[in-house]
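Per-entry structural report
Here is how the chains run, residue by residue.
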Amino acid sequence: TQLLEQSPQFLSIQEGENLTVYCNSSSVFSSLQWYRQEPGEGPVLLVTVVTGGEVKKLKRLTFQFGDARKDSSLHITAAQTGDTGLYLCAGRGTSGTYKYIFGTGTRLKVLA
Amino acid sequence: DTAVSQTPKYLVTQMGNDKSIKCEQNLGHDTMYWYKQDSKKFLKIMFSYNNKELIINETVPNRFSPKSPDKAHLNLHINSLELGDSAVYFCASSPRVAGYEQYFGPGTRLTVT
């Protein structure tokens, strides 16, 4: 069974600080996505990474897919209160599966 | 203009009842999904349909039955509701199967008392 563990589980920081969220597995994934979910809403896709070592930037957010495609990280520079939410990684396996397995989630709270 | 919509938003019912949740997408996508998010925010796939054909059927009690009348609609019917069914259920759609972005609905919070 493929599992995606995210760390930290909870994170509370001050506005302006930097942070990194990790998504780790012992399985290889063909692609990995990051979502942000706000209370009372569904997850919204931030990025998809498909190549080992790939780095993508979305404004202050930097996403990296591990070289072995087993892990990923999300780095936020100068966090803002609008970054508050639940961050979820989701990986698709390599065996021709159609489904994405979601990670355990990281709840981020950015304080003003 | 809502891309993926679900009804109802909230559903409170008693154990043993049967209930349905409806989902519609106006994005022209081929693939639709049902996910369950538990109290710890863990999101788990339940079912997926591609062009009205069931392609993913996870280990879900057979009290849960999805139905896709056309590729824009995916409904979820739950029989004999149990306390453990309380969760938020999300519908999602994607342009094709596998490897594409998923667009999620706003969720249906089901509370079984």
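Preceding this paragraph is the structure being described.
One structure accompanies this document, and this report is about it.

Rules behind the numbers
- Residues numbered from 1 in each chain as written.
- Chains lettered and ligands numbered in written order.
- Predicted model: local features only at pLDDT ≥ 70, side-chain atom pairs only at ≥ 80, totals over all residues.
- Heavy atoms only, no water.
- Helix = DSSP H or I, 4+ residues; strand = E, 2+ residues; numbered from the N terminus.
- Rg over C-alpha atoms; globule rule 2.2 N^0.38 Å.
- Buried < 20%, exposed > 50% of the residue type's maximum accessible area, 1.4 Å probe, protein only.
- Contact = heavy atoms within 4.5 Å.
- Areas by Shrake-Rupley, 256 points an atom, 1.4 Å probe, with all protein chains shown as cover.
- Lys, Arg positive; Asp, Glu negative; His and termini not counted.
- Charge placed at Lys NZ, Arg CZ, Asp CG, Glu CD.
- Pairing = 2+ DSSP bridges.
- Axes fitted to C-alpha atoms, helices over the stretch in contact; angles between N-to-C directions.
- Polar contact = N/O pair within 3.5 Å; in protein donor to acceptor, adjacent residues only side chain to side chain.

Topic: the overall build of chain B
What chain B contains, in helices and strands, is 0 helices and 11 strands. Mapped in sequence order, the helices and strands of chain B form the string β-β-β-β-β-β-β-β-β-β-β. Whereas a compact globule of 113 residues would reach a radius of gyration of roughly 13 Å, chain B reaches 13 Å, a difference of no more than 12%. The C-alpha extent of chain B, read off along each of the three principal axes, is 35 × 30 × 25 Å. A buried classification covers 43% of the 113 residues belonging to chain B. Counted over contacts in chain B with a minimum sequence separation of 6, partners at least 24 positions apart contribute 55%. With an accessible surface of roughly 5,600 Å², chain B has 48% of that area assigned to carbon and sulfur atoms. Computed over 13 positive and 11 negative side-chain charges, the inter-centroid distance for chain B is 5 Å.

Let's talk about the sheet that holds strand β8 (residues 73–78) of chain B
All names here are of chain B. Here we have 4 strands laid out as an open sheet, ordered β1-β3-β8-β7, and antiparallel in their pairing. Sheet topology places β1 (4–7) and β7 (64–70) at the edges, where each strand pairs with a single neighbour. Strand after strand, the sheet turns through a mean of 20° between neighbouring axes, direction not considered. Inspection of the sheet shows β1 paired to strand β3 (residues 19–25) by 4 bridges, in the antiparallel sense. Opposite V4, over in β3, you have Q25 as the bridge partner.

Some words on the side chain of R63 of chain B
All names here are of chain B. Considering the arrangement of structural elements, one finds R63 in the loop between β6 (53–57) and β7. For R63, a relative accessible area of 14% corresponds to the buried category. Within the structure, R63 has its side chain in polar contact with the backbone oxygen of S80 (distance 3.2 Å). Contacts of R63, omitting those with residues within four sequence positions, involve H77, I78, N79, S80, L81, E82 and D85.

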